[in-house]
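# Observations on the three-dimensional arrangement
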Amino acid sequence: MALQRAEVEAEILKFVASRCPNYSGLGRDTDLLEEELLDSLLLIDVIYQIEERYGIKLGGEHVGPVHFRTPGTIADLVLSQAAPQA
């Protein structure tokens, strides 16, 4: 069964919100770096959550600002790695 973008984004938003309870207004385009929400501990938590929840393994090439800037870009990463390889 293919992952649905809306479901992946909702799960990521819920997870990040649970780790940043004092931040209101979290959305798919919230810049986690600019808002100083994504520190090294949250990054490790998000990676672990993604790998456990979606059964994918993220390599070093996936861990960087381009993939973890917003909940939307994190969802893009999950969907690209979970997509069947042709």
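Before reading on, note that the structure itself is shown above.
Reference entry: report on the structure contained in this document.

Criteria and cut-off values
Residues numbered from 1 in each chain as written. Predicted model: local features only at pLDDT ≥ 70, side-chain atom pairs only at ≥ 80, totals over all residues. Heavy atoms only, no water. Helix = DSSP H or I, 4+ residues; strand = E, 2+ residues; numbered from the N terminus. Expected span 1.5 Å × (residues − 1). Buried < 20%, exposed > 50% of the residue type's maximum accessible area, 1.4 Å probe, protein only. Arc of directions from axis to C-beta. Contact = heavy atoms within 4.5 Å. Polar contact = N/O pair within 3.5 Å; in protein donor to acceptor, adjacent residues only side chain to side chain. Axes fitted to C-alpha atoms, helices over the stretch in contact; angles between N-to-C directions. Parallel < 35°, antiparallel > 145°, perpendicular 65-115°, else oblique. Left-handed = near helix turned anticlockwise from the far one by under 90°. Salt bridge = Lys/Arg side-chain N within 4 Å of Asp/Glu carboxyl O.

### Here's the deal with helix α2 (residues 40–54)
Helical geometry note: an α-helix holds 3.6 residues per turn, so side chains three or four residues apart project in the same direction. Compared with the 21 Å implied by 1.5 Å per residue over 15 residues, the 21 Å span of α2 between its first and last C-alpha is a close match. Every buried residue of α2 is accounted for by Leu-42, Leu-43, Val-46, Ile-47, Ile-50, Glu-51 and Tyr-54. Along the axis of α2, the buried residues cluster in a sector spanning 165 degrees; they form a single face. For α2, the exposed residues lying more than 90 degrees away from the buried face are Leu-41, Ile-44, Tyr-48 and Glu-52. For α2, the secondary structure elements touched by its buried residues are α1 (5–19), α3 (65–68) and α4 (71–82). The N-cap of α2, judged by a side-chain oxygen 3.2 Å from the amide nitrogen of Leu-41 a few residues on, is Asp-39.

### Description of the packing of α1 against α4
The description of two helices packed together rests on the angle between their axes and the distance between the axes. Orientation of α1 relative to α4, taken along the N-to-C sense of each, is 125 degrees, at an axis distance of 9 Å. On the basis of their axis angle, the class for α1 and α4 is oblique. In this structure, the crossing between α1 and α4 has a hand that is right-handed. Across from Arg-5, Val-8, Glu-9, Ile-12 and Leu-13 in α1, the residues of α4 making contact are Pro-71, Gly-72, Ile-74, Ala-75, Asp-76, Val-78 and Leu-79.

### A word on the pattern of salt bridges
Under the criterion given, the structure shown has nine salt bridges. Residue Arg-5 pairs with Asp-76 through a salt bridge whose shortest N-O separation is 2.6 Å. With Arg-5 in helix α1 and Asp-76 in helix α4, this residue pair connects regions lying 71 residues apart in the sequence. Look at Arg-5 and you get partly exposed, because its relative accessible area is 31%. By relative accessible area, Asp-76 is classed as partly exposed at 37%. As a salt-bridge pair, Glu-11 and Arg-53 come within 3.0 Å of each other at their nearest N and O atoms. One end of the pair, Glu-11, is in helix α1; the other, Arg-53, is in helix α2, with 42 residues separating them in the sequence. The partly exposed category is assigned to Glu-11, whose relative accessible area is 27%. Overall, the relative accessible area of 39% leaves Arg-53 in the partly exposed class.

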